Each structure stands twice: as C-alpha cells, then as structure tokens.
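Structure at a glance
Each chain is listed here by its residues.
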Amino acid sequence: MPDQSDPDLTITLSRVSALRSALSEDALNDLAREVVIRMAQARTRVPGAAEQTQSAVIDRLCASVLSDDPSDARFILNDLQESGLSLDRLYVGYLAEAAVRLGQMWEDSEASFVQVTVAAWRLYELVHDLRDRLPPPRITRAEQVLFALVPGEEHSLGVEMAAELFRQHGWDVSTLVNADHDQILAEIDRLACVVLGLSSGGESSAEALARLVLAVRAANPAIHVVISGQVVRDQPDFVRLLAPDSAVATVEEALAVMARLSGGDLRKG
C-alpha cells in the first residue's frame, strides 16, 4: 500500500479523491490523459531540450511517480535545479519527457492505465511546484489577454461586456466564444497570451472547465489563469480544487486582479 504519510502523495491523492466526487470517473481519466498529452507537446517549446536530457534521469522520474513513494521525483528536480538548469529546461526537458515516456509505457503495456493515471497526477503536482518557483513577471497593457467561454456555455454576453470594459481600461483583450477545447488551446498559443480568463456558468460545464485549466497548466505553467462566472459563486470548493491563480465573481474583482498583475504581483490572486 502507498505510504499515506508522505505529504506529496497525500496531496495528490486528496486532490484526485476530491475531483472524483465532483466529476465522473471517465472525466477524471480524461484529465489525466490530457496532462500527459499536453506536457508531451510542450517539448517543442525549447528546441534541443530533449537531446540534452539524461535518459537515466527520466527513468528515475518515471519510476518514482509510478511507485508507492513518489517523493524521489522532487529530490531529482531539486538536484537538477541546483546544478544550474533553468526552470523551463526542467519542465520541458525532464517533466515533459517523463510524460512522453509514461505514455509510451502505457501503449507498450509496461504500466497499467491506473498506474499511468496516478503518475500523471503526480507529474501535474510537480508542475505546480516548478510554477511556484517562477519569479512574478510584470505585465503591461500591451500584452495579450484572452477571455474565453468554456465549451458548452452558450451565454457570451458577460464575456463580451467584460472584454469591452477591459479594453476601455487600456488592456489588449481578445475574446473567444463558441470554440471547442482544442480551438481555445490553439488560440492561446497563437496569441502567446500571458493572462487567460475562463468563464463558466457552473455544473454543466464543470468538466470542460477542469479539462481546460489542466491542459493550460500542463502546456504552459507560466500563464496566469483567471476563472470567472457563476461557477465561482455556486461551486467555490470545486474552483479551489482547480487551483487557478485568481477566481473572480464580478468585473470589478477582475479589474482589481489585472491592476495587481500590472504591478508585478502574480502570486496574490
């Protein structure tokens, strides 16, 4: 049995257990697959990173997140950072490569679906760790902000009105409504946005919201994610599980967040 006293494992199991109570089992499995896919795709962000990666270290990372005691993975990343590797290289060259290896192990029947699912969640927790070490960047009104309606939502008036208000305050805001999951992710890449606002009405789009947040985190941990809409009021516990940088219930709260971001404090959402 896993050592439940291990804090890293406990965090992962608690998050998965809580999400399981809010989402279907199929949706939870889809989220784990999303993490693996998006992390694997992120390898292209730093050309040559994969070629400079030590295969033996990837083996150790995979063995750790697949084991009953995943704490060794954090020690591996700490050692790599102390050796002088940048956080981007750690993410793209090691965590993303580990995601690719896990996917291959699943396809080759070297690891079960359940094992890979749990391992994917553990990799996601490590992504959170790396993100917490990023310095808080300063953003300006010239940088791209994207407001997107979560797939499955039909009422776009709130998003459009919020975007217009932000434009009146000098922000460069794009909007995306009636787009599917992959279209939203493609637009994020095209715009190279630094802030992403996701609007959800509540339970009907909860699974789509969770999938988007995890995909964005796995693909580019530096993006500041803001969740808005009725879901913030109606399902605050669920929103906290998704761990956005900010959760806002009103346009005034959103403007306050953006004002804070332009002052360089990205960690107090």
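Residues numbered from 1 in each chain as written. Predicted model: local features only at pLDDT ≥ 70, side-chain atom pairs only at ≥ 80, totals over all residues. Heavy atoms only, no water.

Looking only at helices and strands, the chain has twelve helices and five strands in total. Across the 269 residues of the chain, 48% fall into the buried class. Counting only contacts in the chain whose residues sit at least 6 apart along the sequence, the fraction spanning at least 24 positions is 75%. Accessible surface, the chain: about 12300 Å² in total, of which carbon and sulfur atoms supply 52%. (Helix = DSSP H or I, 4+ residues; strand = E, 2+ residues; numbered from the N terminus. Buried < 20%, exposed > 50% of the residue type's maximum accessible area, 1.4 Å probe, protein only. Contact = heavy atoms within 4.5 Å. Areas by Shrake-Rupley, 256 points an atom, 1.4 Å probe, with all protein chains shown as cover.)

Inspection of the secondary structure assignment puts Ile139 in the loop between helix 6 (113–132) and strand 1 (144–149). Put simply, Ile139 and Val194 are 55 residues apart on the chain and 7.8 Å apart in space, counted from C-alpha to C-alpha. Aside from chain neighbours lying at most four places away, what touches Ile139 is Trp171, Val194, Val195, Leu261 and Ser262.

Turning our attention to the sheet that holds strand 5 (residues 246–248). One open sheet holds the five strands; their spatial order is 2-1-3-4-5, and the pairing between them is parallel. Each of the sheet's edge strands pairs with one partner strand only, and the pair in question is strand 2 (172–176) and strand 5. Taken pair by pair, the neighbouring strands of this sheet meet at an average axis angle of 20 degrees, ignoring direction. With three bridges connecting them, strand 4 (residues 224–228) and strand 5 associate as parallel partners. Pairing of Ser228 across the sheet is with Val248, part of strand 5. Where helix 12 (residues 251–262) meets the sheet, its contacts fall on strand 1, strand 3 (195–199), strand 4 and strand 5, and the angle it forms with strand 5 comes to roughly 150 degrees. (Pairing = 2+ DSSP bridges. Axes fitted to C-alpha atoms, helices over the stretch in contact; angles between N-to-C directions.)

In the predicted model, the chain carries a mean pLDDT of 81, and 86% of its residues have values of at least 70. Mean pLDDT across the elements of the chain ranges from a minimum in helix 1 (residues 7–22), with 60, to a maximum in helix 8 (residues 181–191), with 93. Below a pLDDT of 50 lies the segment residues 1–11, which in the model reaches 17 contacts outside its immediate sequence neighbourhood of four places, other chains included. Taken together, the stretch residues 264–269 has pLDDT below 50 and engages in 17 contacts with residues farther than four places along the chain or on a different chain. (pLDDT = per-residue confidence, 0-100.)

Helix length check: helix 2 (residues 25–41), at 17 residues, gives a terminal C-alpha distance of 25 Å against a target of 24 Å (1.5 Å per residue), a fit within 8%. The set of residues buried in helix 2 consists of Ala27, Leu28, Asn29, Leu31, Ala32, Glu34, Val35, Val36, Arg38 and Met39. (Expected span 1.5 Å × (residues − 1).)

Right, let's get into the packing of aromatic side chains. As enumerated under the stated definition, the model contains three aromatic pairs in all. For the ring pair Trp106 and Phe113, a centre distance of 5.0 Å and an interplane angle of 45 degrees mean the geometry is tilted. Here Phe113 falls in the partly exposed class, since its relative accessible area comes to 25%. Arranged with centres 6.2 Å apart and planes meeting at 85 degrees, the rings of Trp121 and Tyr124 form a pair that is edge-to-face. Remark: Tyr124 and Trp121 occur in helix 6; sequence separation between them is three residues, near one turn of the helix. The burial state of Trp121 is the same as that of Tyr124; both residues are buried. (Phe/Tyr/Trp six-rings, centres within 6.5 Å; stacked < 30°, edge-to-face > 60°.)

Our next topic: the pattern of salt bridges. Per the stated rule, a full pass over the model turns up eleven salt bridges. For Glu34, the salt bridge identified is with Arg38, shortest N-O distance 2.6 Å. Linking Glu34 with Arg38, this pair stays in helix 2, spanning four residues, or about one helical turn. An identical accessibility class is assigned to Glu34 and Arg38; each is buried. Among the salt bridges present, the one from Arg167 reaches Glu164, with a minimum N-O distance of 3.4 Å. With a gap of three residues between them, Arg167 and Glu164 both fall in helix 7 (residues 157–168), about one helical turn apart. Here Glu164 falls in the partly exposed class, since its relative accessible area comes to 37%. (Salt bridge = Lys/Arg side-chain N within 4 Å of Asp/Glu carboxyl O.)

Turning our attention to helix 9 (residues 206–219). Across its 14 residues, helix 9 extends 20 Å between first and last C-alpha, which sits within 8% of the 20 Å expected from 1.5 Å per residue. Burial of helix 9 is extensive: ten of the 14 residues sit out of reach of the surface. Among all positions in helix 9, only Ala206, Leu209, Ala210, Leu212, Val213, Leu214, Ala215, Val216, Arg217 and Ala218 are buried.

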